[in-house]
Structure formats: structure tokens, C-alpha cells
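# Working through the structure, step by step
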Amino acid sequence: MSNIQPPIRTGLLDFIQKSSGSQFVIPVYQRNYTWTANKEVKQYLDDLKSVLNGEYKNHFLGIIIYIDTVIDFSTKEFSVIDGQQRLTTTFLILYAIRYIMKENKMDDAIVALDGQFLTNPFASERIKYKLKPLVADDDVYQLIINEKLENITNKNSTVYKNFVYIYKEIKKLNKEYDLNQILKALNQLYVVCIPLSEDDNAQKIFESINATGVKLTASDLIRNYLLMDMDSELQEKFYKEYWMEIERLLGSDAKKLESFFRLFLATKNKNLPSKNNIYSEFVKWYKKENINLNKEEIFKEIIKYASFYNDIYYKDLKEIDAELRESIKEYRKTLLEMPAPLIIYLFDKYNKDSIDLNQLDECISIVNSYLIRRALADLESNAISRLFPTLIKDIESDCKGDYSNITAILKKNLVYKNINNSMYVPDNKQIYDLVINANMYKNKTALRIFLDKLEHNNNPAPVDLASLSIEHLMPQTPTKQWIDELKTNEDEYQRNLNRLGNLTLASKSDNSKMKNNPWEYKNEILKSTSHLIINQKILEKEKWNIEEINDRTEVLISEINRLFPYPETSDKFIKKEEIFIQTTKVRADAYLYLDTGDVEILQGSELYKFDNPEKYPNVEEERDQLLEDGIIYDDGDKLIFLENYVVTSKSTYGTALTRSANLILHGFKNGWDHWRGINGEFLNKNQKLMNELL
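Once that is clear, we can look at the overall build of the chain. Summing up its helical and strand segments, the chain has 29 helices and 16 strands in all. A compact globule built from 694 residues would reach a C-alpha radius of gyration of about 26 Å, whereas the chain, at 36 Å, exceeds it by more than 25%. With respect to the three principal axes, the spread of C-alpha positions in the chain is 115 × 75 × 50 Å. Here the chain holds 694 residues, and 52% of them are scored as buried. Taking all contacts inside the chain whose residues are at least 6 apart in sequence as the whole, residues at least 24 apart take part in 67%. When the accessible area of the chain is evaluated, it comes to approximately 33,800 Å², of which 47% is carbon and sulfur surface. Positive and negative side-chain charges of the chain, numbering 92 and 105 respectively, have mean locations separated by a distance of 4 Å.

Let's shift gears to helix 16 (residues 357-376). Between the first and last C-alpha of helix 16 there are 28 Å, a value that for 20 residues agrees with the 28 Å anticipated at 1.5 Å per step. Here helix 16 starts with a cap whose side-chain oxygen sits 3.2 Å from the backbone nitrogen of Asn 358, and that cap is Asp 356.

Let us now look at the sheet that holds strand 14 (residues 639-641). As summarised here, the arrangement of the three strands in space is 12-14-13, forming an open sheet in which the pairing is antiparallel. Whereas interior strands pair on both sides, the edge strands pair on one side only; in this sheet they are strand 12 (606-607) and strand 13 (632-634). Relative to strand 13, helix 26 (residues 617-628) is tilted by about 95°, and along the sheet it contacts strand 12, strand 13 and strand 14.

Looking now at the sheet that holds strand 5 (residues 131-132). Sheet architecture is open: six strands sit in the order 1-6-3-4-2-5, paired in mixed fashion. Strand pairing shows two members of the sheet lacking a second neighbour, strand 1 (8-11) and strand 5, which therefore form its edges. Strands strand 3 (59-72) and strand 6 (189-196) of the sheet are contacted by helix 2 (residues 37-52), whose axis makes an angle of about 125° with strand 6.

This part is about the environment of Ile 63. Positionally, Ile 63 belongs in strand 3. Residue Ile 63 is classed as partly exposed on the basis of its relative accessible area of 34%. Sequence-wise, Ile 63 and Lys 128 are 65 residues apart; in three dimensions their C-alpha atoms are separated by 25 Å. If we skip the residues at most four places from it in the chain, Ile 63 touches Asp 82, Gly 83, Arg 86, Val 192 and Ile 194.

The subject of this paragraph is a negative patch on the surface. A surface patch of like charges, here negative, comprises Glu 621, Asp 624, Glu 628, Asp 629 and Glu 643. Topologically, Glu 621 is positioned in helix 26.

What follows concerns helix 7 (residues 179-187). Considered for burial, the residues of helix 7 that qualify are Leu 179, Ile 182, Leu 183, Ala 185 and Leu 186. Looking down the long axis of helix 7, one finds its buried residues gathered within 160° of arc, a one-sided arrangement. At its buried positions, helix 7 is contacted by helix 1 (12-17), helix 2, helix 3 (84-103), helix 4 (107-118), helix 6 (158-173) and strand 6.

The phi angle at Glu 147 is positive, at roughly 55°, despite the residue not being glycine. Relative to the helices and strands, Glu 147 is located in the loop between helix 5 (135-145) and helix 6.

A pair of packed helices is characterised by two quantities: the angle between their axes and the separation of those axes. Their axes nearest at 7 Å, the elements helix 9 (residues 218-227) and helix 11 (residues 254-269) cross at an angle of 75°. One way to sum up the angle between helix 9 and helix 11 is to call them roughly perpendicular. Of the residues in helix 11, those in contact with Ala 218, Ser 219, Asp 220 and Ile 222 of helix 9 are Ala 254, Leu 257, Glu 258 and Phe 261. When its residues are assigned to classes, the contact of helix 9 with helix 11 shows five nonpolar, one polar and two charged.

The next point concerns the confidence of the model for the chain. Close inspection of predicted coordinates is inappropriate for parts of the model with low pLDDT. With 94% of its residues at a pLDDT of at least 70, the chain reaches an overall mean of 89. Element-level pLDDT for the chain is lowest in helix 8 (residues 202-211), with a mean of 62, against a maximum mean of 98 in helix 15 (residues 340-351).

Any two side chains of opposite charge can pair if their charged atoms end up close together. Within the structure shown, the criterion is met by 41 salt bridges. Lys 171 serves as the salt-bridge partner of Glu 103, at 3.1 Å between the closest nitrogen and oxygen. With Glu 103 in helix 3 and Lys 171 in helix 6, this residue pair connects regions lying 68 residues apart in the sequence. Residue Asp 484 is joined to Lys 480 by a salt bridge in which the shortest nitrogen-to-oxygen separation is 2.8 Å.

Now for the pairing of strand 9 (residues 576-582). The pairing of strand 9 with strand 10 (residues 587-593) spans seven bridges and is antiparallel. Paired with Lys 576 across the two strands is Tyr 593, which belongs to strand 10.

Let's shift gears to the nonpolar core. In summary, soluble globular proteins display a tendency toward joint burial of nonpolar side chains. Of all hydrophobic cores here, the largest spans 84 residues; its most connected members are Phe 282, Leu 342 and Phe 388. When sequence neighbours within four positions are dropped, the list of residues in contact with Phe 282 reads Ile 222, Tyr 225, Leu 226, Phe 261, Phe 264, Leu 265 and Ile 302.

In this section: the packing of aromatic side chains. In this description, an aromatic ring pair is defined by two values, namely the gap between the centres and the angle between the planes. The tally for this structure, following the rule as stated, stands at 31 aromatic pairs. On the numbers, 5.9 Å between centres and 35° between planes, the contact of Phe 260 with Phe 264 is tilted. Of this pair, Phe 260 and Phe 264 are both found in helix 11, four residues apart, which corresponds to roughly one turn of the helix. Judged on exposure class, the residue Phe 260 and its partner Phe 264 are both buried. Here Phe 264 and Tyr 305 contribute two aromatic rings whose centre-to-centre distance is 5.3 Å and whose plane-to-plane angle is 90°, an arrangement assigned as edge-to-face. With a gap of 41 residues between them, Phe 264 in helix 11 and Tyr 305 in helix 13 (residues 295-313) connect regions that are remote in the sequence. Given a relative accessible area of 0%, Phe 264 falls into the buried group. Look at Tyr 305 and you get buried, because its relative accessible area is 4%. One Lys or Arg, Arg 9, reaches over the ring of Tyr 190 and ends 3.6 Å from the middle of that ring. The ring of Tyr 591 carries the charged tip of Lys 576 above its face, separated from the ring centre by 4.2 Å.

Our next topic: the pairing of strand 6. Counting buried positions along strand 6 gives seven out of eight residues, so the element sits mostly inside the fold. Bridge count between strand 1 and strand 6: four bridges; the pairing is antiparallel. Paired with Thr 10 across the two strands is Val 191, which belongs to strand 6. For strand 3 and strand 6, the ladder comprises eight bridges, and the chain directions are parallel. Its bridge partner being in strand 6, Ile 67 is matched across the sheet by Leu 196.

Reading the values: rules and limits
- Residues numbered from 1 in each chain as written.
- Predicted model: local features only at pLDDT ≥ 70, side-chain atom pairs only at ≥ 80, totals over all residues.
- Heavy atoms only, no water.
- Helix = DSSP H or I, 4+ residues; strand = E, 2+ residues; numbered from the N terminus.
- Rg over C-alpha atoms; globule rule 2.2 N^0.38 Å.
- Buried < 20%, exposed > 50% of the residue type's maximum accessible area, 1.4 Å probe, protein only.
- Contact = heavy atoms within 4.5 Å.
- Areas by Shrake-Rupley, 256 points an atom, 1.4 Å probe, with all protein chains shown as cover.
- Lys, Arg positive; Asp, Glu negative; His and termini not counted.
- Charge placed at Lys NZ, Arg CZ, Asp CG, Glu CD.
- Expected span 1.5 Å × (residues − 1).
- Polar contact = N/O pair within 3.5 Å; in protein donor to acceptor, adjacent residues only side chain to side chain.
- Pairing = 2+ DSSP bridges.
- Axes fitted to C-alpha atoms, helices over the stretch in contact; angles between N-to-C directions.
- Patch = residues over 30% accessible without salt bridge, like charges linked within 9 Å, V, L, I, M, F, W, Y side chains within 5 Å.
- Salt bridge = Lys/Arg side-chain N within 4 Å of Asp/Glu carboxyl O.
- Arc of directions from axis to C-beta.
- Parallel < 35°, antiparallel > 145°, perpendicular 65-115°, else oblique.
- Nonpolar A, V, L, I, M, F, W, Y, C, P; charged D, E, K, R; others polar.
- pLDDT = per-residue confidence, 0-100.
- Core = buried A, V, L, I, M, F, W, Y, C linked by side-chain atoms within 4.5 Å.
- Phe/Tyr/Trp six-rings, centres within 6.5 Å; stacked < 30°, edge-to-face > 60°.
- Lys NZ or Arg CZ within 6 Å of the ring centre and 35° of its normal.

Shown next as C-alpha cells:
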């Protein structure tokens, strides 16, 4: 049952004065003090001036909600849930007035101000001062109240800047009004106070309050959730030891922290939460983990994952294990966060000694090849946005606690299982087809990763890549001289301009010199950077034309396949079942691939010739194409496969059993009713297989 007391309307100074023996604590989970001098603080002081000059008798300043916690028989702690910005500003005003009192040698007034509004004179040292600000602001605030402004080194502190502004403004007011009048006017600014008890659900109240104001990020809400139900001393301990360590590893930017928590949950739950559900999913995860782990252990788990994230994205490369350095460096260049759940998971496996450093490096390199090959082929990254958390589930399922073959299992689940869907990675032939005539200049991130790696590969004297930029050999702006020399037209020129073979690296200064000058001039400029391995063969060319672009494009495509090899899956890790169709007219043998649902019809398999092919035009069309391609032939009685042929599933969750049965038997057939296992039984009798595939 809630013990929320009725709201109290009170003058601001009356409220502070009646809190004798109490300390207002701004909890560590609150936002930082963010009011600025020229906006919110100015408005506060403008309201004070309006009361002073009689424009209105009093003025509503806002709401203050706090948890009333009894410390002992004589002292209380008021943990501020809402209103910390105006309360902190009020105390800065009071201390500015105190400074002016001291300048005017108003000793008796200082004693009264201290005793009634600024300190608890009879309390312990712990709650001596009426306000305990946020940890982040505490150092500056302590120097202000101890009159040591000269020791403040952080002059950019919001607390310091606002105090200086307030002090100057009160000094101006003091020329027209005495300090007593200013203090009385301050009390005419009234607040509505809502005290809560320890039994009230402060977290829910806090969420409700902030839902109507400036929206908190998920990381703010998570921090609050983790820290709110502690007393102030424990809050401060956990904040300093754990939350500040998270910020040290990841930075204090709330959006970056929010992104980390999203990826953290994706790793833990093996599913990427939507951005709107990060906080609610964290609460669910916490409650589940809290059954076996206490809060401190949960904090340590978060810090461990933050440390992995730091290794992956932020740590100085010189501090990373030499064996991992190149793969991490290359991964960072992709500028992607989507794969982070998988990489974090792999770091955790290495941390637990489930895999060794070489396996970790190989796995990251496989991910890099996957990402960069897709990027160079200009395949949509949206298609793989939710892929990587699910891979964790697949790897765990396949490894069953033994991670000795994790690289092969990663290849299977990342590459082989996606071979026929939008998440596929192009094989060597597909890379050729997708890159040979493509505009590669529009994809500068992936292109630069490739050209940089090509330049540094087996280079005993690598250059500083930061001084280089991508240059067109045939210039971006065609001149009449270039068009004439190439014996081409502008349309063909533009079609070849951004092809891979026409792009290279050059120093930025040389790039600006070359511009759209003739080849002879460009070649001379490039000779000034002849130490670049990537350009040495180009320098041998007396002319540069479309034929040279064709040749160089083919060479560079082969280099893509060498530097970022296609992650081929070993047959050993591909799960497949032998199946067959047997009728009085035909026999077909095949493999059913359990990871993809594909059916590979084997060479020598037979296809039934149907008398009325027009009844099933789609099947007939596919057969005609196979005949044209020489994959099947007609022996007069039946059609026979001359080579193996893979029939793919058309749906994400399904098999090619029906499509392949239709092809063989001609018509619409339920594949489960026609394909048999090696034991001779129809597959529709194999419940275990159906459960695995459907």
C-alpha cells in the first residue's frame, strides 16, 4: 500500500528551512546538472526580479519530488526524484548571497543563513551540508561552499559557470535591493513538494515523471534502474566503482551507451531488441539473471562485456594482442556495429578459454571477409541487420560445448546456411559478375579497405596510408583530348570511369595536381609516389584506355578473392540426408541439406516425361532451361541429369522437397509424400526430420 503524502505548497526558503537535520541528496542515477546561465538560470532570476519589482506577488517555480528516508532519530535524507535542477540552482543562489554577505562583513547574517538554509549545524559531518549534489558536480560545488574558487581548475563546469553568472546578477540586484529583500523574494517563489516513503515504487514514479519531460535514453533508465533502490552511500559506491568504469570503457555519451546496451542484450538474448525496447528488455534480462546473480555480480558482467566492446572498437591497437591486431583494425574500418554481438560473444569464449587466440583471429577474419565481400558487391546491409545475434544460437547448438571446430561451424552458419537468401556472401564467380562493370567509387569505405590492404600486403616498407586518397586514372571530368585519345564517346567514358580498374591510391597532393590532365602528365606525377606497390604496374603503361581498365579490373577482382577469401564450408560440417524417388517409370537420387532445406539432385537421376506439359508451365519452363543449359538430356524415353543440380527453397523456413519433386515427376507434388529416406520410408513418416526442417 502506497504511503505517498499529500502535496505541500510552500515557499522555497520555508521548505529548506523546515528541513532541519535533513540533507537533500541528488542521486547518482539522475541527469547531470544541465541548466545553463543564459537560459534556465536566467529565467529563474528573471522570475525573482519580477517578484522584487512587484510585477507579481509570488510565482510557481515547479515541483520537487523526493524520497523521505530516516537515517536516525535526528536526521533524514531527502533523495530528489524530480526538481534537482531548480534545487541545485537555488543553493547556488544562496551561496552567491553568502559570498556578498562576507564581502560586506555581515557576520550575523551569515550565521543565520548557514544555520537555517545551508547547513545542519548539529548533525554529523556526513550530512553537515543541506545539499549533496551529483558526484559529477561535487568537487566544484565543495570548492564553492568552502570559498576556494581559485582552486577550481574546471572552469567549464556548469556549476562553476552558473555560480559566477548568479553572483554577478545578485550583485547587480543588490544595488537596488538589500539582501534581506532578495531572500524574502526568493521565498515568494513557491514549489509544490511531494514526499515519498521508502515503500513507494520510486523507479515507476521516476519513469512516469520523465515520460512527460525530456525523454531519457535507455542508458539513463538502465543506470537509474540499477542504482535507485540503494541508500545514497551504496549508490555512490556502486556508481564510482561500476558505472564510472562502464563510462571509462565506453565514454559518457548517453547514445553510445544506449547502443552498447542494445548490443549487450543482443549477445545475451541472441536476438537484437528494437531501439524502443532496450530498457524493457534489459529489465526482463536483469530479473531473470537476478535469480542467480546479485546486483554486484550483474554489474561485473556488464563491465566484462563493456571491456570486450572497448577492445573491439576503442582500445589503442598497440595494446591489442599482436595476433589480433590486423583483424581488429580491418573490422573497425568497416564502421559497422551489426556484427558486434557475435564478436563480443567470441571474445567471451576466448576469455573463458573455450577458444584460443588463433581461433578468435580466424573468426574475426571470416566476419571481415563476409562483410567486405558483400560491401564491395554493393549488397544491402539492411538484409543482415539482425543476422549476427542469431548466429550465436546456431554456433552454440552446433558446438554443444566443444568449440574446437568453431571456425568451420561459423563458416557453415554465416555463409553456407545463407547461400540462397538475401544474407548470402558472393562466391568468387559472383564477385566477378557483380564487380566487373560496377561503379566502385560510390562505395568508398569498402573500396578503401581493399586498396589499403592490397598496398600493405607483403610490403616490407609500408607507407602511411593516411596521406593517400582514391584517385581516378581516367579523370572524372572528361576532356576532348581524353575522349579523342580513347576513340570513344562520353557515354562509354562515363560507364568506365568508376570501374575498379580505373581507381587507385595517390598522395593527396598528387591527386590535386593530376586532375583531368593527359595520361603522360598523370604518369609523371604518379612516378613521384612510385614506392606505392599498387601503382608500379600502372607506371609501365604508355597509354591508359578502356582495354587497360578491363585488364586491371580483372586483376584486381582476383586480388579481392585472394585478400578476402570466400569462407568455404567444409563438407564435414554440412548436415545432409540421402533421399530418393522411386516409381515404375523413374528413379532419382539426391541429398537433402538440413541447414538450408535445399535438395541436390544427383547425376544420372531421371525425370518423368509427361504427356500434357502445358498443364504445368512453370515446371516445363524450368525443364526447357535445363535442356538448353546442358544439365539434362532427352534420351527419347525420359530425361536424365548429366550433372548434379541444386534445387533451392523459395522460403526462409521451408525445403525444396516439393519443388524438386515437381521437377522430377512433373506436376504439383508434395515432396514429403514422394521422397524417401535411405530406409525406404517416405519422409512424411520421419517426424524427427520434419520437426528439424519445418
